[in-house]
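Given next are the chains, with one letter for each unit.
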Amino acid sequence: MIGYYIDLALRSLKRNLSLTVLMILAIGFGVGASMTMLTVMHVLAKDPIPQKSQVLHYVQLDPRPLRGYTPGEEPIEQSTRQDAETLVREARADHQALMTGGDATIVPAKADLDPFHIDARWTTNEFFTMFDVPFLKGGPWSPQDDANHNRVAVIGKELAEKLFGSTDVVGFTLRVETTEMRIVGVLDTWHPIPHFYDLATDPYGQGEQLYVPWTTSRDLELSRDGNMNCWDSKHDDPTVVGAPCEWIQLWVELDSDAKLSAYHDFLAGYWEDQVRAGRYERPVNIRLRNVTDYLDYNKVIPNDAKLGTYVALGFLIVCLVNTIGLLLTKFLRRSSEIGVRRALGASKASIFLQLLIESAMIGLVGGLLGLILALLGLWGIRHGVSHYADLAHLDLPMLAATIALAILASILAGLLPAWRGCQVAPALQLKSH
Amino acid sequence: MLHMKDVSKVYRTEMVETHALRDLNLEVRAGEFVAVTGPSGSGKTTFLNIAGMLEELTGGTYTLDGVDVKSLDDKARSKLRNEKIGFVFQSFNLIPDLNLFDNVDVPLRYRRMGRGERHKRIETALERVGLASRKKHFPAELSGGQQQRVAIARAIAGNPTLLLADEPTGNLDSQMAREVMQLLEELNEQGTIVVIVTHDPEIAARAQRNVHIVDGIAADVERGPALVHKDPKDPKSFANAETVA
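Parameters and conventions
Residues numbered from 1 in each chain as written. Chains lettered and ligands numbered in written order. Predicted model: local features only at pLDDT ≥ 70, side-chain atom pairs only at ≥ 80, totals over all residues. Heavy atoms only, no water. Helix = DSSP H or I, 4+ residues; strand = E, 2+ residues; numbered from the N terminus. Buried < 20%, exposed > 50% of the residue type's maximum accessible area, 1.4 Å probe, protein only. Contact = heavy atoms within 4.5 Å. Areas by Shrake-Rupley, 256 points an atom, 1.4 Å probe, with all protein chains shown as cover. pLDDT = per-residue confidence, 0-100. Salt bridge = Lys/Arg side-chain N within 4 Å of Asp/Glu carboxyl O. Pairing = 2+ DSSP bridges. Axes fitted to C-alpha atoms, helices over the stretch in contact; angles between N-to-C directions. Buried area = accessible area lost by both parts, 1.4 Å probe. Polar contact = N/O pair within 3.5 Å; in protein donor to acceptor, adjacent residues only side chain to side chain. Nonpolar A, V, L, I, M, F, W, Y, C, P; charged D, E, K, R; others polar. Domains from an automatic or database assignment. Core = buried A, V, L, I, M, F, W, Y, C linked by side-chain atoms within 4.5 Å.

Describing the overall build of chain B
From N to C terminus, chain B includes seven helices and 10 strands. In chain B, which comprises 245 residues, the share counted as buried stands at 56%. Considering only residue pairs separated by 6 or more positions, chain B has 67% of its internal contacts joining residues 24 or more positions apart. Surface exposure of chain B reaches about 10,800 Å², of which carbon and sulfur atoms provide 49%.

Structure (C-alpha cells):
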C-alpha cells in the first residue's frame, strides 16, 4: 500500500502545484536555515578525540594565596610551571604531558624561501602517544630527548613539504630561530576540532606545524602564546620555575575509574605537601575533567553560533506552522475524495497514513531544497568573518540529517491535518459532492 | 443478508435533537432488488448510510451477512464494507484526477489484491459496463451516463453481495437512466442484492419490492399494511410497517 500512497501523493502534489510549491518553499527555507546553523554547531561541538575523550583528563589545581578565596569557586584555568613539571616528573598517570602554545621563525635552507613564522607547541614526549597523533614518518622524540634538552623536533606534513618538498625528512635538520634541530618525526594531517588540548589559543585554529621538547624550548627561550595570569610580581620572568603564574596546560591519561580516583588522591596528597611547604594556602580544590566535560566547562561553542541556531530553529517552527495551515487547507479541500475512499473501504488509519505519506513527500522535496539552501548558507559562512568560518562544511551525517529533518518536520506538520482529514464524515461528503 | 431491528438514528446538536430513523425494521434477502422511497427528509439517505456503514446507528441492531456491525471497530467495518458492499451515488463521486482504470482500482487496492487479479477484475468490470476502451480517459472526458457506468464498474469490481445506490439516475436524462437501471437489473439477475433509494416512481416500479420510509419509519409497501397516521400531532403515531419476516 505504501507504493500506492506514494503514487497518490505524487498525483496530489501535481494537482495543486502552487500550494505544493508554497509548502516545499516553507519546509525548504526552514530546513535550510536550521541545517546551516546545526551543521556549524555539529562541527563546533563534535568530540575531537572520541576514542579517548573519556580517559584524557585536564588537571586544574589552585596555588593562589588565600586572599580573595571564595568557597566553591573554580581553580585556576592552567598550571604553574613548577606544578606541571613536578607532576609530569612524578608520572603517576598512564601518560602525562605538559604543554604551551608558541610560535617560532623557521629559517629555510632553500635560498628561494624567506624565513616565516609558524604556530608551534612546546611539550613533552608523551603528548603524541596520549593524543593519538598520527605519524607519517618517524615518531615522537624519546624521554631522553626531554631529559637531555635535545635539539629535536616533530614537524607537520605541510611544513615538511614546504621546506623540503617531501615528507621523507626524518634525520634532516631544521633551523628554528637560530638553532638547528634534528627532525625525528613527520605528522600526517592532524587538526583536532576544537583544538581541545589548549583552548587558550584559537580553539578552531589550524593547529601547529612544529613540536619541540619542553625543556629545549625553555633553554632556547622560545616565545610562547596563550593566556598567562600571575598573582604575584616577585619574579621578573613569569616563565621561570617558581613564578606564581598559570600558563601551562597539563593533561593526564587515566584509563579506568580506579586510576582516576587514585590520581585524584595523589593530587590531594600533593596539595597537602604544597600546603606544608608553604606554597599552597587554599583548601583542596582539584578538578580532573575529561575532554567532554572540559569542553562543556569552557563553553567552547561561540555565542553567535548558539544564537544563530536558536533563531534558525525558531524560523523552522514558523515555517512548520505555515505548512500545517497549508496542509490543512489542502487535505480538507479533498474531503469529497476522502469520503469516496472511505465508502470504498479505506479505514481512517489508511486515510491517515495516505495523507501522512503525502506530507512526507513534501518533506523529501523540501529537504532537497533545504539541502541546497544549507550548502549556500554554509558557503556564506565560509566567506564570512567568524573564526570558525573554515569549518562550515556539510559532512555525510549532516547531509542525511538534513533530509531526515525535512521529512520528520513535514510529518510532524502533517499530523494534525492528516488527523483532521481522516475524521471527515464520508456520508456528508458523498451527498454534498 | 441485511437485517435491521429497531434501528434508530438521532442527530444531536447543543440545541436540537433530530430523529432521522425511528425503530426501523427491515430485512433484505439474497437476490432481492429493493427500492426505498419516501419524501425528502424522510430518512432514506440516512438508512442507506447506515446500511453502508458510513454512519453509526444510535440504537437497535444491524447485522450484515451475519455480522453485528455495531460491535466492529473502524478497521473491521471498513473491511466489511469493502468486501460486501458496492456504492453507486447520484453524483457519481469519481475521483477526478484518476483515470477510469484507476478509479475502478480504488476499492481493490484497499482489499490488498495482487496486481494481476486487480487488473483482471478492472478489465472485466469496465467491459461489463461497456467502457473498457476508455479506461485511460478521465471522468471529465465522459458524459454523465458514462460516469455513472464507471461508478457501477467500480462498485461491482470487488464482487460485492450488496449494491447500495442512492438516486443513481437522479442526474441523468431518461435514456441514460434507462441504461443504468438496465445494468443494475442485470447485476441483480446475476445474484447481487440491489437496494436503490429513489424518488422516481417509475424506477421504484421496476424493483421487486418497495420500502417506503416516512419520518424515519419503514413500511414494506407490497407486503406490509399501509401506513396509518393515527395522531396527526404525534409523528411517532405512524404505525410501523409489519416487517418482512
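A word on the confidence of the model for chain B
Residue and element names in this part refer to chain B. Mean pLDDT for chain B: 86, with 89% of residues reaching 70 or above. Model confidence for chain B, summarised as mean pLDDT per element, is weakest for strand 10 (residues 217-220) at 76 and strongest for helix 3 (residues 100-110) at 95. Reported confidences for the modelled complex are a pTM of 0.71 and an ipTM of 0.86.

What to know about the pattern of salt bridges
A full pass over the atoms with the stated rule returns 40 salt bridges over all chains. In this structure, Arg282(A) and Asp62(A) form a salt bridge, with 3.4 Å as the shortest nitrogen-oxygen distance. Separated by 220 residues along the polypeptide, Arg282(A) in the loop between helix 8 (257-276) and strand 13 (287-290) and Asp62(A) in the loop between strand 1 (56-60) and helix 3 (81-90) bring together distant segments of the chain. Across the pair, exposure class does not vary: Arg282(A) and Asp62(A) are buried alike. In this structure, a network of salt bridges that share partners links the residues Arg15(A), Lys330(A), Arg334(A), Glu337(A), Arg341(A), Glu358(A) and Asp97(B).

A look at the sheet that holds strand 1 (residues 2-12) of chain B
All names here are of chain B. Taken together, four strands build an open sheet; the order of strands is 2-1-4-5 and the sheet is antiparallel. Two strands lie at the open edges of the sheet, namely strand 2 (17-28) and strand 5 (67-68), each paired on one side alone. Both strand 1 and strand 4 (residues 59-64) contribute to a ladder of five bridges, which runs antiparallel. Paired with His-3 across the two strands is Thr-63, which belongs to strand 4. Contacting strand 1, strand 2 and strand 4, helix 1 (residues 44-51) crosses the sheet at an angle of about 120 degrees to strand 1.

A closer look at the interface of chain A and chain B
The partner chain B presents 26 residues to the 25 residues of chain A that form the contact. Between chain A and chain B, a total of about 2,300 Å² is buried, with carbon and sulfur atoms accounting for 57% of that surface. A per-residue breakdown of the area chain A buries against chain B is headed by Met1(A), Tyr4(A) and Leu344(A), which together make up 27% of the total. Linking chain A with chain B are three salt bridges, by the criterion used here. Two residues, Asp97(B) and Arg15(A), come together in a salt bridge whose shortest N-O distance is 2.4 Å. For the pair chain A and chain B, the interface holds eight residue pairs in polar contact (both at pLDDT 80 or more). Classifying every residue of the side of chain A that touches chain B by side-chain character gives 13 nonpolar, five polar and seven charged.

Description of the domain arrangement of chain A
All names here are of chain A. Split by domain assignment, chain A resolves into domain 1 (2-47 + 301-432) and domain 2 (62-285). The gap between the C-alpha centroids of domain 1 and domain 2 is 49 Å. Domain 1 puts eight residues into the contact, and the matching count from domain 2 is four residues. Of the roughly 570 Å² buried where domain 1 meets domain 2, counting both sides, 59% is carbon and sulfur surface. Applying the counting criterion to the domain 1 and domain 2 interface returns zero salt bridges. Run the count over domain 1 and domain 2 and you get zero residue pairs in polar contact (both at pLDDT 80 or more). Looking at the side of domain 1 that touches domain 2 residue by residue, the class counts come to six nonpolar, one polar and one charged.

Side note on the nonpolar core
One finds Phe127(A), Phe131(A), Trp251(A), Phe47(B), Tyr62(B) and Val195(B) to be the most contacted residues of the largest nonpolar core, which totals 116 residues. Per-domain counts for this core show at least three residues from each of domain 1 (2-47 + 301-432) and domain 2 (62-285) of chain A. Grouped together as the second largest cluster of nonpolar side chains are 43 residues, Ala120(A), Ala153(A), Leu159(A) and Ala160(A) included.

Focus: helix 11 (residues 335-343) of chain A
All names here are of chain A. Helix 11 sits mainly inside the fold: eight of its nine residues count as buried. Taken as a whole, helix 11 has its buried residues at Ser-335, Glu-337, Ile-338, Gly-339, Val-340, Arg-341, Arg-342 and Ala-343. One or two positions beyond helix 11, positive phi appears at Gly-345, with a value near 120 degrees.

Here's the deal with the environment of Ala305(A)
Residue and element names in this part refer to chain A. In this fold, Ala-305 is placed in helix 10 (residues 303-332). Its relative accessible area of 0% is what places Ala-305 among the buried residues. Along the sequence, Ala-305 and Leu-369 sit 64 residues apart, while their C-alpha atoms lie 23 Å from each other. If near-sequence neighbours (up to four positions away) are discounted, Ala-305 is found in contact with Met-37, Val-40, Met-41, Leu-44 and Tyr-388.

Structural notes on the pairing of strand 13 of chain A
Residue and element names in this part refer to chain A. The alternating pattern of strand 13 places Arg-287 and Arg-289 and Leu-288 and Asn-290 on opposite faces, both of which are buried. Where strand 1 and strand 13 come together, four bridges link them in antiparallel fashion. Considered in strand 13, the bridge of Gln-60 is made with Arg-287.

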